[in-house]
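Here's the letter readout for the chains.
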Amino acid sequence: MEISSTLTTQPVPDDRLAEILSNPGFGAHFTDHMFTSRWNPGEGWHAAEITPYGPLTLDPATAVFHYAQEIFEGLKAYRHPDGSVWVFRPEANAERMSRSSQRLALPELPTTDFVQAVEALVTVDQRWVPDPEGEKSLYLRPFMIATDRFLGVRPAEHVTFMVIASPAGAYFKKGPLPVTLWLTTDYTRAGRGGMGAAKTGGNYASSLVAQREASAQGCDQVVFLDAQESRYVEELGGMNIYFVYADGRIVTPELGTILEGITRSSIIELAGKMGHQVEERRVSIDEWRDGLHSGEITEVFACGTAAVVTPVGSLKWNGGATPEVSRAGEVTMKIRQALVDIQFGRADDTFGWMRRIV
Ligand SMILES: Cc1ncc(COP(=O)(O)O)c(C=O)c1O
């Protein structure tokens, strides 16, 4: 893929950048540039370019505004102790985006082009990758939208793919704190044949009322059950979930209607190598509650790119709650540490997950 570049004449000044990177928060500041490429059936993917970051001008009739034909990804670039910059498993995100493309009738972007786009943006905006203290990183947000100017429900014939980047602070300032989960019984996230496995905006739009319900109940995140029987645990609004058993087994809900998290997949490999038996299977809400009660389940944790691995403190539902856990469990912390050590270059990357960019 050939990428043209037009660099900004007004980069964020060094002193302002230092201020942003000292406390970046999440998703609030954006780098100096962005990547864009376009697709139509005649030309395929073309017009790849790096340009100054800035607003888009889109016709009010643009398809994505009306029918939500949109997909996205999320991954991070990390600065290692020697100053080099690396991304974690970008090919896995590229492949997941292709699967999302298939489900949303969008064109597939070749994995090599996805990775090249990410590399080009991180290279041009490398000063935005924070120093690793406090586990800061540069969050990358590739996304694809239907840009046909047409009011009618049909797969788009004009599509735009972009990558933007935003520095991200430590998710937990004082180390990982247990999160409280709310079990929604009114809302489901995905049904059989639906879009649950795709990373598409609609899944997040539909999770908002459930997330609002969770917040009103004093909880951090919502847990969804399966749509058919309201019995099996699927995932959280924005993370996958794992259960640790007293005999060392770790169990995570099977794929199908959930998002196949890159962190989830990485933990399957990592925990396996650490000697844990890993099971991907259905876990009922009763197994969760009874397991905590009997002591068969010793730890529960959530995982995803933003927070890596987060202990679950307790689960609340209409009329009850599991006992409060105030500290992260041993297995949870061991897995979390192993993963962040690879990401930040403090441990050997024996899986070949990291890709050097700068
Ligand atoms: C619904 C949902 N599940 C799971 C995940 C975890 O995926 P990953 O580990 O690739 O970040 C995410 C994160 O983006 C998510 O939005």
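About the criteria used
Residues numbered from 1 in each chain as written. Predicted model: local features only at pLDDT ≥ 70, side-chain atom pairs only at ≥ 80, totals over all residues. Heavy atoms only, no water. Near = heavy atom within 4 Å. Polar contact = N/O pair within 3.5 Å; in protein donor to acceptor, adjacent residues only side chain to side chain. Areas by Shrake-Rupley, 256 points an atom, 1.4 Å probe, with all protein chains shown as cover. Helix = DSSP H or I, 4+ residues; strand = E, 2+ residues; numbered from the N terminus. Nonpolar A, V, L, I, M, F, W, Y, C, P; charged D, E, K, R; others polar. Buried < 20%, exposed > 50% of the residue type's maximum accessible area, 1.4 Å probe, protein only. Pairing = 2+ DSSP bridges. Phe/Tyr/Trp six-rings, centres within 6.5 Å; stacked < 30°, edge-to-face > 60°. Salt bridge = Lys/Arg side-chain N within 4 Å of Asp/Glu carboxyl O. Core = buried A, V, L, I, M, F, W, Y, C linked by side-chain atoms within 4.5 Å. Expected span 1.5 Å × (residues − 1). Contact = heavy atoms within 4.5 Å.

> Even after reading the chapter, I still don't get the site of the ligand, so can you show me in this structure?
Neighbouring the ligand are 17 residues; Lys 199, Tyr 204, Glu 235, Thr 263 and Thr 305 lie closest to it. Within the side chain of Lys 199, an N or O atom sits 2.6 Å from an oxygen atom of the ligand. Burial of the ligand by the protein amounts to 94% of the accessible area it has alone, namely 390 Å². Elements supplying a minimum of two residues to the shell around the ligand: strand E11 (233–236), helix H7 (262–273) and strand E15 (297–304). Of the residues that constitute the shell around the ligand, the class distribution is six nonpolar, seven polar and four charged.

> Would you mind showing me how to read the pairing of strand E5 (residues 75–79) here?
If a strand is regular, its side chains alternate between the two faces of the sheet. Across the five residues of E5, five count as buried, placing the element largely inside the fold. Covered by surrounding structure in E5 are Leu 75, Ala 77 and Arg 79 together with Lys 76 and Tyr 78, the residues of both alternating faces. Sheet analysis places E5 next to strand E6 (residues 85–88), joined by three bridges and oriented antiparallel. Looking at the pairing, Ala 77 lines up with Val 87 of E6.

> Is there a simple way to think about the packing of aromatic side chains in this case?
The relation between two aromatic rings is expressed through the spacing of the ring centres and the mutual angle of the planes. The full count for this structure, using the stated rule, is eleven aromatic pairs. For the pair Phe 114 and Phe 161, a centre-to-centre distance of 6.1 Å together with 40 degrees between the ring planes defines the contact as tilted. Taken together, the residues span a long stretch of sequence, with Phe 114 in helix H4 (residues 111–124) and Phe 161 in strand E8 (residues 159–168) at a distance of 47 residues. Given the relative accessible area of 1%, Phe 114 is considered buried. Where Phe 243 meets Trp 288, the ring centres are 5.0 Å apart and the plane angle is 70 degrees; that geometry is what we call edge-to-face.

> In this structure, what is going on with the pattern of salt bridges? I would like to understand it.
Where charged atoms of side chains with opposite charge meet at close range, the side chains can pair. Under the definition given, this model contains 23 salt bridges. Among the ionic pairs, Arg 96 bridges to Glu 73, the shortest N-O distance being 2.7 Å. On the criterion of sequence distance, the pair formed by Arg 96 in helix H3 (residues 90–103) and Glu 73 in the loop between strand E4 (70–72) and E5 is long-range, its members being 23 residues apart. By relative accessible area, Glu 73 is classed as buried at 0%. Connected via shared salt-bridge partners are Asp 247, Arg 249, Glu 279, Arg 281, Glu 287 and Glu 296.

> Honestly, the nonpolar core in this entry has me stumped. Any pointers?
Taken as a class, soluble globular proteins show a tendency for nonpolar side chains to be buried jointly. With 39 residues, the main nonpolar core has Phe 114, Val 122, Leu 140, Met 144 and Phe 161 as its most contacted residues. Ranked by residue count, the leading element in this core is H4, at seven residues. If you look at the next biggest cluster of nonpolar residues, it comprises 23 residues, including Ile 250, Val 309, Leu 339 and Phe 344.

> What is the right way to read H3 from this model?
Counting along an α-helix, one turn takes 3.6 residues, and residues three or four places apart therefore face a common direction. The first and last C-alpha atoms of H3 sit 20 Å apart over 14 residues, in line with the 20 Å expected at 1.5 Å per residue. When H3 is considered as a whole, its buried residues turn out to be Pro 90, Ala 92, Asn 93, Ala 94, Arg 96, Met 97, Ser 98, Ser 100 and Ser 101. Immediately downstream of H3, the backbone of Ala 105 shows phi near 55 degrees, a positive value.

> Please explain the environment of Tyr 78 as it appears in this structure.
Here Tyr 78 is to be found in strand E5. The exposure class assigned to Tyr 78 is buried, which follows from its relative accessible area of 4%. In this structure the C-alpha to C-alpha distance between Tyr 78 and Lys 136, which are 58 residues apart in sequence, comes to 7.6 Å. Not counting residues within four places of it along the chain, the set of residues in contact with Tyr 78 comprises Ser 84, Val 85, Trp 86, Phe 88, Val 129, Ser 137, Gln 343, Phe 344 and Met 354.

By themselves, these are just geometric observations and shouldn't be taken as functional.
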